[in-house]
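Reading the structure
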Amino acid sequence: MTPPQRSHVHQLESESIFVMREVAAQFERPVLLFSGGKDSILMVHLARKAFSPARIPFTLVHIDTGHNFPETLEFRDRLVDEVDASLHVGSVQASLDAGRVKEEDGPNPSRNGLQTVTLLDTLEELKADVALGGGRRDEEKARAKERFFSHRDRFGQWDPKNQRPELWNLFNGRRNPGEHFRAFPLSNWTEMDVWQYIADEDIPMPSLYFAHERSVVERDGVLLAESEHNTLLPGEAYEKRTIRFRTIGDATCTGAVESDAATLEDIIAEVAAARQTERGGRSDDKRSEAAMEDRKRQGYF
């Protein structure tokens, strides 16, 4: 008999699980970067499948900027309890207090760039030799240059022109002392793949992803939610709109989209019709043409 064909997203699932098992096999102190967004939640789900019935062999690492949406932190803590995972939180505020980084000037300073120092300090503290991230190649053009196993030098820096070949699904995790890797099991997924898989697997998601009424202000084409971390500029005022978030990050720079998508099916239909990438609403990505790549070279996610 001909075996039943697996769906496209479940073929991607198999690939991601294979990469995760390769990480567990080749490295001694792996961690999984967890932002509380859909991609990192998906990563936890895949890790549970990859190593069931054992516990996830990765410590979850959340770099807390101090500007998170409350819903993100609440969901993170519930999920950690549910899956019985280890969680380590790196604090950008602690890095500021220690003088390791300096707050940006201006009325609404973003801490996204400051995460790099906190992340590298956290990886050094944990002696992590690999950090799994949920980066996908369709998110932003700099992401497309990554390999599944992405080498970082002893300063945590990434050189996109000097990466190792990955022929026939062979991954080279050899490193020198002080160096580490980033691993990206979701490299071949798209935003649409992620939402279709979430719907197929019925994976719970934070409420921020679904349409809800919220006070927002439009600034430079970006809808910023009312938050204690945001300050209105002269002439601005908050107004109620029905919105949702396609990506979750700092409240100071993560833009919402006007939407009535209240279910997973609605979100899938909306994503299918979208003409802008999900990070198109991230104001910090618009600072320059190479904003993301510059941060990644310095050790960003």
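A brief structural summary.

Here is what the cut-offs are and how they apply
- Residues take numbers from 1 onward in each chain, read along the sequence in its written order.
- Only residues with pLDDT of 70 or above have their local features reported here, since the model is predicted, and side-chain atom pairs are shown and tallied only from 80 upward, although totals for entire chains, interfaces and linings are computed over all residues.
- Calculated side-chain values reflect all of the structure's heavy atoms, with hydrogen atoms and water omitted.
- What counts as a helix is a DSSP run of H or I of at least four residues, what counts as a strand is a run of E of at least two, and both are numbered from the N terminus.
- Note on classification: 1.4 Å probe, protein chains only; a residue is buried when its accessible area is under 20% of the maximum for its type, exposed when over 50%, partly exposed between these limits.
- The criterion used for residue contact is that any of the two residues' heavy atoms lie within 4.5 Å.
- We get accessible surface area from the Shrake-Rupley algorithm with a probe of 1.4 Å; when it comes to residues, only the shown protein chains can shield them.
- The pairing criterion is simple: DSSP has to find at least two bridges between the two strands.
- Nonpolar cores are built from buried Ala, Val, Leu, Ile, Met, Phe, Trp, Tyr and Cys residues. Side-chain atoms within 4.5 Å join them into one set.
- What fixes the domain bounds is an automatic or database domain assignment.
- Each axis is a line fitted through C-alpha atoms, and for a helix only the stretch in contact is used; angles between axes span 0 to 180 degrees, taken between their N-to-C directions.
- Any angle that falls under 35 degrees is termed roughly parallel, while one over 145 is termed roughly antiparallel, one within 65 to 115 roughly perpendicular, and all others oblique.
- Handedness of each helix crossing follows the sense of rotation of the near helix against the far helix: counterclockwise by less than a right angle gives left-handed, clockwise gives right-handed.
- When residues are sorted by character, Ala, Val, Leu, Ile, Met, Phe, Trp, Tyr, Cys and Pro go into the nonpolar class, Asp, Glu, Lys and Arg into the charged class, and all the rest, Gly among them, into the polar class.

Looking at the overall build of the protein chain
Scanning the protein chain for helices and strands turns up eight helices and 10 strands. Each of the 301 residues in the protein chain was classed as buried or not, and the buried ones make up 54%. Expressed as a percentage of contacts within the protein chain between residues at least 6 apart in sequence, the contacts between residues at least 24 apart total 72%. When the accessible surface of the protein chain is summed, it comes to about 14300 Å², and 48% of that surface belongs to carbon and sulfur atoms.

Here we look at the sheet that holds strand β10 (residues 257–258)
Here we have four strands laid out as an open sheet, ordered β8-β7-β9-β10, and antiparallel in their pairing. The outermost strands of the open sheet, each flanked by one partner alone, are β8 (222–225) and β10. Examined bridge by bridge, strand β7 (residues 212–219) and strand β9 (residues 239–244) share five bridges and lie antiparallel to one another. What sits directly across from Arg-214, in β9, is Arg-241.

Some thoughts on the nonpolar core
Residues Phe-58, Phe-149 and Trp-195 are the most contacted members of the largest nonpolar core, which totals 58 residues. Contributions of two or more residues to this core are made by α1 (8–26), α2 (38–51), α3 (70–83), β4 (130–132), β6 (180–183), α6 (191–201), β8 and α7 (264–273). In terms of residue count, α2 provides more of this core than any other element does, eight residues in total. Built from parts of two domains, this core gets at least three residues from each of domain 1 (8–193 + 290–298) and domain 2 (205–287). Not counting residues within four places of it along the chain, the set of residues in contact with Trp-195 comprises Lys-38, Met-205, Tyr-209, Leu-264, Ile-267, Ile-268 and Val-271. In terms of nonpolar packing, the next biggest core, distinct from the first, is built from 12 residues, Val-101, Leu-114, Ala-128 and Ala-131 among them.

Observations concerning the packing of α6 against α7
Contact geometry of α6 with α7 gives a least axis separation of 10 Å together with a crossing angle of 165 degrees. Classed by the angle they form, the pair α6 and α7 counts as roughly antiparallel. Of the two possible hands of crossing, α6 and α7 adopt the one that is left-handed. Between α6 and α7, the residues in contact are Glu-191, Met-192, Trp-195, Gln-196, Ile-198 and Ala-199 and Leu-264, Ile-267, Ile-268, Val-271 and Ala-272, respectively. Here the contact of α6 with α7 is built from residues that sort into nine nonpolar, one polar and one charged.

Some thoughts on unusual backbone geometry
Going from Ser-52 to Pro-53, the amide bond is cis rather than trans, its omega being 10 degrees. With respect to the helices and strands, the residue Pro-53 is situated in the loop between α2 and β2 (59–64). Backbone geometry at Lys-127 places phi at a positive 55 degrees, although glycine is not the residue there. Relative to the helices and strands, Lys-127 is located in the loop between α5 (115–126) and β4. Residues other than glycine seldom take positive phi values, yet Asn-169 does so here, at roughly 60 degrees. Note on placement: Asn-169 falls in the loop between β5 (149–152) and β6.

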